[in-house]
Amino acid sequence: RWLITLAALIAALLAAAVALIVFARKKRAEQKTNALIDPRYGIGNDGYYLNCMETLIPAPLRSIVYVFCIGCDMPSLERRAAEYLRLDCGREEYLACVGRGMFALVCQCGSREAAQQRAEGLIRGLDGYLAGFRAEYAGAFRAGICSLSENPDCSAEAALYNARQGCAHAFRTETPCA
């Protein structure tokens, strides 16, 4: 009888150990996923951006990939901008908050002109959306674009840096994007 009790106890302990291992693995996977999400806005963070660029974009598609840096000169508008951009993102686009008032959008466009139109459309849309709250919010955003076809050996960090430089240039020249 004690042998049966011992066997039942061992089986219960094994079942509990298996359940604990499964729970720990799920928790670890959840933490890894949450580490890539900006909790303020529910969109990706800079780690998510890097992960997308390094793992989700296959080499054959790099020639049609563009990195947009969308920046704001009023960081207080960041939350509303994140809301708008999240809703405006397409299925094959990746959005991340990469700094105070800065967003990175990784998208596929067939040409430089298409990328320019997409960026200008985003800025116009943001301007219209934000002007609905206060008229002086219009014009607070600009975009910079980095083409991976023109920079094939560009790392994720370098692409974002180039796009940020374009965004800064757009602010200096008062154009929607550069």
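For the structure itself, consult the block above.
These lines cover the structure that appears in this document, whether it is placed above or below. (Residues numbered from 1 in each chain as written. Predicted model: local features only at pLDDT ≥ 70, side-chain atom pairs only at ≥ 80, totals over all residues. Heavy atoms only, no water.)

Of all hydrophobic cores here, the largest spans 29 residues; its most connected members are Phe68, Ile70, Leu85, Phe103, Leu126 and Phe141. Apart from residues no more than four positions distant in its own chain, Ile70 is found in contact with Leu85, Gly101, Met102, Phe103, Leu105, Leu122, Ile123, Leu126, Phe141, Arg142, Ala143 and Cys167. Grouped together as the second largest cluster of nonpolar side chains are 21 residues, Val67, Ala104, Val106 and Leu148 included. (Core = buried A, V, L, I, M, F, W, Y, C linked by side-chain atoms within 4.5 Å. Buried < 20%, exposed > 50% of the residue type's maximum accessible area, 1.4 Å probe, protein only. Contact = heavy atoms within 4.5 Å.)

A few words now on the packing of aromatic side chains. Tallied over the entire structure, the rule returns two aromatic pairs. Their ring planes at 35° and their centres at 5.4 Å tell us that Tyr84 and Tyr129 sit as a pair that is tilted. Placement of Tyr84 in helix H3 (residues 78-88) and of Tyr129 in helix H4 (residues 112-131) is noted, with a sequence separation of 45 residues between them. Summarising the aromatic geometry, the rings of Tyr129 and Phe133 are spaced 5.3 Å apart at their centres and angled 85° between planes, so their arrangement reads as edge-to-face. (Phe/Tyr/Trp six-rings, centres within 6.5 Å; stacked < 30°, edge-to-face > 60°. Helix = DSSP H or I, 4+ residues; strand = E, 2+ residues; numbered from the N terminus.)

A separate point is the packing of helix H2 (residues 46-56) against helix H5 (residues 156-173). Any two packed helices are characterised by the angle at which their axes cross and by the distance between the axes. Taken N-terminus to C-terminus, the directions of H2 and H5 make an angle of 120°; their axes are 9 Å apart at the nearest point. For the pair H2 and H5, contact is made by Tyr49, Leu50, Met53 and Glu54 and by Ala156, Glu157, Ala159 and Leu160, respectively. Residue composition of the contact of H2 with H5, grouped by class: six nonpolar, no polar and two charged. (Axes fitted to C-alpha atoms, helices over the stretch in contact; angles between N-to-C directions. Nonpolar A, V, L, I, M, F, W, Y, C, P; charged D, E, K, R; others polar.)

Let us look at the environment of Ala140. Tracing the sequence through the fold places Ala140 in the loop between H4 and strand S6 (141-147). Classification of Ala140 as buried rests on a relative accessible area of 1%. Placed 14 residues apart in sequence, Ala140 and Leu126 show a C-alpha to C-alpha distance of 8.8 Å. Not counting residues within four places of it along the chain, the set of residues in contact with Ala140 comprises Gly71, Cys72, Asp73, Met74, Leu77, Asp127 and Phe171.

Moving on, we come to the pairing of S6. By the criterion of burial, S6 is predominantly enclosed, with seven of the seven residues buried. Here S6 shows no split at all, with Phe141, Ala143, Ile145 and Ser147 on one side and Arg142, Gly144 and Cys146 on the other all buried. The pairing of strand S3 (residues 65-72) with S6 spans seven bridges and is antiparallel. Within the sheet, the bridge partner assigned to Tyr66 lies in S6 and is Ser147. (Pairing = 2+ DSSP bridges.)

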